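Chain and residue survey
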Amino acid sequence: MDFRERIVKTETLAKDIHLIRIRSEQITGKAVPGQFVNVRCSNGLDAYLRRPISICSVCPTDKTFDIVYMKRGKGTSLLCGFCEGDMIDVIGPLGSGFTMPSAGEKIAVVGGGIGIFPLLYLLESCNGVNKTAFLGFRSKDAVVMKDAFEYASNKLVVATDDGTFGVKGFVTKPFFDWLNVNRPDRVYTCGPLPMIKSVAEHCVKKKIFCEVSMEQRMGCGIGACLVCSCKVKEGPDFDYARVCKDGPVFPAEKLIFE
Ligand SMILES: Cc1cc2nc3c(=O)[nH]c(=O)nc-3n(C[C@H](O)[C@H](O)[C@H](O)COP(=O)(O)OP(=O)(O)OC[C@H]3O[C@@H](n4cnc5c(N)ncnc54)[C@H](O)[C@@H]3O)c2cc1C
Ligand code: FES
C-alpha cells in the first residue's frame, strides 16, 4: 500500500523545532484531536522504524495537517531533510483521541515542551467552550506557537523554567493557582512525565475529569510489539496498555505513573 503524501510547507519555528504541513485527504478526513501519525523518516533503510508524531492542526478546506517535531535523534534529524514538494510516507490517523468537551463547558489544557502540539488541535476543534491554555517551556528560545494558542483559547498562560518569558518556573504552579479559584469541567494534559503525573494526580484528587496523552517510545505503532506499554489500573490490580493502540489518550485515574 502507498502511504506517501505531498509536503506543502516546511518551517523552522525555533531552534530544533520544525513544522511540516502535509496534504492528505485520507488523514484530514478522519483525524480527531489527540491522534498521531507514524512517519517514515527516510526513504532508505535509515531509521527504518516509523516515528510517532501528534497531529497538531488540521485545515479541512485545504486537506492539510501540520506536524511539529523536535529534532532529537536519528529519525527526527532525517525528517529535517524533507522539503516542500517532497513526498513523505505517513500512516494515520492512529490511536484514540481526546473526549471532546460539550458547548458551554470550561476546559484547561496543560502542555509542556513537545507535548503542547496535540493540545492545539484540541483547542482549535471545540467551539462555544471556555478555554484556558497553560504552556510550559525551558526558556524564551523554546517558546513556539504562542500566537496560534492565543487565537485558539480564551486565555493563555506561558511559563518558562528560567523565567526568560512569562511566569517563572514550572507551568504546573500557575495551573494549580488557577485551579484554586476555577473548577473546569475538563482538563487535558501532555508533556514531560513529572508534569503530567502532577497534573493528573491533582485532578484525580479534586475529582476533575482529566485526560492525559502519553508519549512513550514506540516500535511497531500498531499494537503488535508491546514496546509502548504503560501501566494502568485494572480493578484492584494493574495491567499494561499499549500507548499506540489503547492510547495515547488515557483517563488520568487509569494511569499508574512510575
Ligand atoms: C503518541 C506520540 C506522539 C508524539 N508526538 C510528538 C510531537 O508532536 N512532536 C515531537 O517532537 N515528538 C512527539 N513524540 C515523540 C517522538 O516520537 C520522538 O521524539 C521521536 O520518535 C524521536 O525519534 P528520533 O529517532 O529522533 O530519536 P531517538 O534516536 O529514537 O531518541 C533520541 C532521544 O529521545 C528520547 N526519546 C525518543 N522517543 C521518545 C519518546 N516517545 N518519549 C520520550 N523520549 C523519547 C530517547 O530516549 C533519546 O534520548 C510523540 C511520541 C508519541 C508516542
Ligand atoms: S508500538 Fe508496538 S504495540 Fe505499541
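Residues numbered from 1 in each chain as written. Chains lettered and ligands numbered in written order. Predicted model: local features only at pLDDT ≥ 70, side-chain atom pairs only at ≥ 80, totals over all residues.

Inspection of the region around ligand 1 gives 22 residues, with Ser54, Tyr69, Gly73, Gly75 and Thr76 positioned closest. For the shell around ligand 1, the secondary-structure elements that each account for two or more residues are β4 (51-54), β6 (64-70) and α2 (74-79). Of all the elements, β4 adds the most residues to the shell around ligand 1, at four residues. For the shell around ligand 1, a count of residues per class yields 12 nonpolar, five polar and five charged. Shared between two domains, the shell around ligand 1 holds at least three residues of each, these being domain 1 (4-94) and domain 3 (216-258). (Near = placed C-beta within 6 Å. Helix = DSSP H or I, 4+ residues; strand = E, 2+ residues; numbered from the N terminus. Nonpolar A, V, L, I, M, F, W, Y, C, P; charged D, E, K, R; others polar. Domains from an automatic or database assignment.)

Moving on, we come to the domain arrangement of the chain. You can read the domains of the chain as domain 1 (4-94), domain 2 (98-213) and domain 3 (216-258). Summarising the inter-unit geometry, the C-alpha centres of domain 1 and domain 3 are found 24 Å apart. Of the residues contributing to the side of domain 1 that touches domain 3, the split by class is four nonpolar, two polar and one charged.

Moving on to the pairing of strand β14 (residues 229-234). Note: β14 against strand β15 (residues 237-242), six bridges, orientation antiparallel. Within the sheet, the bridge partner assigned to Cys230 lies in β15 and is Ala241. The antiparallel pairing of β14 with β15 creates a hairpin that spans two residues between the two strands, and Gly235 there sits at a positive phi of about 60 degrees. (Pairing = 2+ DSSP bridges.)

The next subject is the sheet that holds strand β7 (residues 87-94). Judged by pairing direction, the sheet is antiparallel, and its seven strands sit side by side in the order β4-β3-β7-β1-β2-β6-β5 without closing on themselves. With one partner strand each, in any of the chains shown, β4 and β5 (57-59) form the two edges of the open sheet. Neighbour-to-neighbour, the strand axes of this sheet turn through a mean angle of 40 degrees, independent of strand direction. (Axes fitted to C-alpha atoms, helices over the stretch in contact; angles between N-to-C directions.)

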